[in-house]
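Summary of structural features
Each chain is listed here by its residues.
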Amino acid sequence: MLRNGTASVRNDTDTVRGVAGYKWRMAKLFRAVIMGPPGSGKGTISERIAQRFALTRLSSGDFVRENIAANTDAGVLAKTYIERGLLVPDHVMTRLLLPRLEEMTRHSWLMDGFPRTLAQAKALNSTCDLDLVISLNIPYETLKERLSDRWIHPASGRVYNMGFNPPHVQGRDDISGEPLIQHDDDKPEALVARLRHYKDMAKPIIDLYKSKGILHTFSGTETDRIWPYINSLLSTKIPSTSQTDTQRIPMP
Ligand SMILES: Nc1nc2c(ncn2[C@H]2C[C@H](O)[C@@H](COP(=O)(O)OP(=O)(O)OP(=O)(O)O)O2)c(=O)[nH]1
Ligand SMILES: Nc1ncnc2c1ncn2[C@@H]1O[C@H](COP(=O)(O)OP(=O)(O)O)[C@@H](O)[C@H]1O
């Protein structure tokens, strides 16, 4: 259920009476979060989930970049932190993200990159009821190998790995043909600190979702081997019409 003042849609099957006396059944919506350390495959798996289950894929990093590009107040503020390699403060992130989620009353979605702190998890919790949280548990050595081989198309956020999913033309984005770049913080020396930071921040969030009974953890070294488990879990959880907002059906 989205719980802001204006938007309010039950996050379960609901019926409303429409014009001309039809009853409409609101299809059940599905809201999920994917968590994991840097390089754990959140982006790669989110993309697969979004395609397979027709969910809207949301990325906090994309929201931040959009706001920076559009010069919104929150974007201008966020930029000052990102330029210093810092996380954006909780109150700025929630100001950026929660109104967008509240607009998505008719969509099923999967969020990548938020919440990253317990305060964010609590703010999200007060806005909507999550159905499921996926947590990826990937060994450090695997993360190190993957990230040292990761190339990004900065404008779109498309991600490549020279072994796993290389671009068609080396060093170039498949869609735009623009050059790919490597992030400094994907280098091994920065990675140890990033992973430690992730563990510290994620633990209370994971505990929270565990206590709510919505946490599902997947461990392994290869996305292709983890994916079938995620796929079969979601197949049991996501209604086939997840993206449909309403269906007109005869009701007794
Ligand atoms: N070799 C190998 N590479 C993989 C596998 N799964 C994903 N990758 C690659 C794609 C990327 O280059 C890199 C990291 O994957 P993602 O960008 O999907 O990870 P994530 O979104 O968690 O990272 P982030 O939080 O954005 O730093 O590893 C795999 O099973 N094997
Ligand atoms: N939930 C969040 N809390 C705080 N800052 C965030 C959050 N999500 C994104 N950001 C900011 O936006 C930047 C880009 O995010 P993202 O694309 O997820 O990249 P990365 O995985 O490299 O951190 C982050 O480095 C951080 O400064």
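Looking at an unreviewed UniProt entry, the protein carries the name Adenylate kinase 4, mitochondrial, with the source organism given as Hucho hucho. Turning to the protein, the UniProt record has this under Sequence similarities (unreviewed entry): "Belongs to the adenylate kinase family. AK3 subfamily."

**Overview of the site of ligand 1**
In the region of ligand 1, 17 residues are neighbours, and Lys42, Gly43, Thr44, Arg150 and Thr223 sit closest. Here an oxygen atom of ligand 1 and a backbone polar atom of Gly41 are 3.0 Å apart. In the model, an oxygen atom of ligand 1 is placed 3.0 Å from a nitrogen or oxygen of the Tyr160 main chain. Of all the secondary structure elements, the ones that give two or more residues to the shell around ligand 1 are α1 (42–53) and β8 (158–161). Its residues assigned to classes, the shell around ligand 1 shows five nonpolar, seven polar and five charged.

**Re the UniProt feature "binding site: a ribonucleoside 5'-triphosphate" (unreviewed entry) in the protein**
In this structure's numbering, the residues bearing the UniProt feature "binding site: a ribonucleoside 5'-triphosphate" (unreviewed entry) are Gly39, Ser40, Gly41, Lys42, Gly43, Thr44, Arg150, Val159, Tyr160 and Thr223. Along the chain, Thr44 turns up in helix α1. Excluding its chain neighbours within four sequence positions, the residues that come into contact with Thr44 are Phe164 and Thr223. With respect to the helices and strands, the residue Val159 is situated in strand β8. Residues in contact with Val159, not counting those within four places in the same chain, are Arg150, Trp151, Ile152 and Asn165.

**Looking at the environment of Ser135**
Along the chain, Ser135 turns up in strand β6 (residues 132–137). Setting aside anything within four residues of it in sequence, one finds Ser135 in contact with Met35, Ile206, Leu215, His216, Thr217 and Phe218.

**Side note on the site of ligand 2**
Taken together, 13 residues lie around ligand 2, and Ser60, Leu86, Gly113, Arg116 and Gln120 are the ones closest in. Ser60 has a polar side-chain atom sitting 2.7 Å from a nitrogen atom of ligand 2. Relative to its free-state accessible area of 530 Å², ligand 2 is covered by the protein chains to the extent of 78%. Element by element, the count of residues in the shell around ligand 2 is highest for helix α2 (residues 60–69), at three residues. Here the shell around ligand 2 is built from residues that sort into six nonpolar, four polar and three charged.

**Digging into the UniProt feature "binding site: AMP" (unreviewed entry) in the protein**
UniProt records the feature "binding site: AMP" (unreviewed entry) at Ser60, Arg65, Leu86, Leu87, Val88, Gly113, Phe114, Pro115, Arg116, Gln120 and Arg194, using the numbering of this structure. Note on placement: Leu87 falls in the loop between α3 (73–82) and α4 (90–103). According to the relative accessible area criterion, Leu87 is partly exposed, its value standing at 37%. Setting aside residues no more than four positions away along its own chain, Leu87 makes contact with Tyr81, Arg116 and His197. Residues contacting Gln120, with those up to four places away along its chain left out, are Val88, Asp90, Met93, Phe114 and Pro115. A polar contact is formed between the side chain of Gln120 and the side chain of Asp90, at a distance of 3.0 Å.

**With respect to α4**
If you check α4, its first and last C-alpha atoms are 20 Å apart, about what 14 residues at 1.5 Å a residue would give, namely 20 Å. Among the residues of α4, those classed as buried are Val92, Met93, Thr94, Leu96, Leu97, Leu98, Leu101 and Glu102. Buried residues in α4 make contact with β4 (56–59), α2, α3, β5 (109–112) and α5 (118–125).

**Considering the side chain of Lys42**
With respect to the secondary-structure elements, Lys42 resides in helix α1. The buried charged residue Lys42 lacks any salt bridge partner; its closest oppositely charged side chain belongs to Asp112, at an N-O distance of 5.0 Å. Here the side chain of Lys42 touches Pro37 through a polar contact of 3.1 Å, landing on its backbone oxygen. In contact with Lys42, not counting residues within four places along its chain, are Ile34, Met35, Gly36, Pro37, Asp112 and Leu136.

What counts, and where the lines are drawn
- Residues numbered from 1 in each chain as written.
- Chains lettered and ligands numbered in written order.
- Predicted model: local features only at pLDDT ≥ 70, side-chain atom pairs only at ≥ 80, totals over all residues.
- Heavy atoms only, no water.
- UniProt positions renumbered as here; feature names shortened; annotations may be inferred.
- Near = heavy atom within 4 Å.
- Polar contact = N/O pair within 3.5 Å; in protein donor to acceptor, adjacent residues only side chain to side chain.
- Helix = DSSP H or I, 4+ residues; strand = E, 2+ residues; numbered from the N terminus.
- Nonpolar A, V, L, I, M, F, W, Y, C, P; charged D, E, K, R; others polar.
- Contact = heavy atoms within 4.5 Å.
- Areas by Shrake-Rupley, 256 points an atom, 1.4 Å probe, with all protein chains shown as cover.
- Buried < 20%, exposed > 50% of the residue type's maximum accessible area, 1.4 Å probe, protein only.
- Expected span 1.5 Å × (residues − 1).
- Lys, Arg positive; Asp, Glu negative; His and termini not counted.
- Salt bridge = Lys/Arg side-chain N within 4 Å of Asp/Glu carboxyl O.

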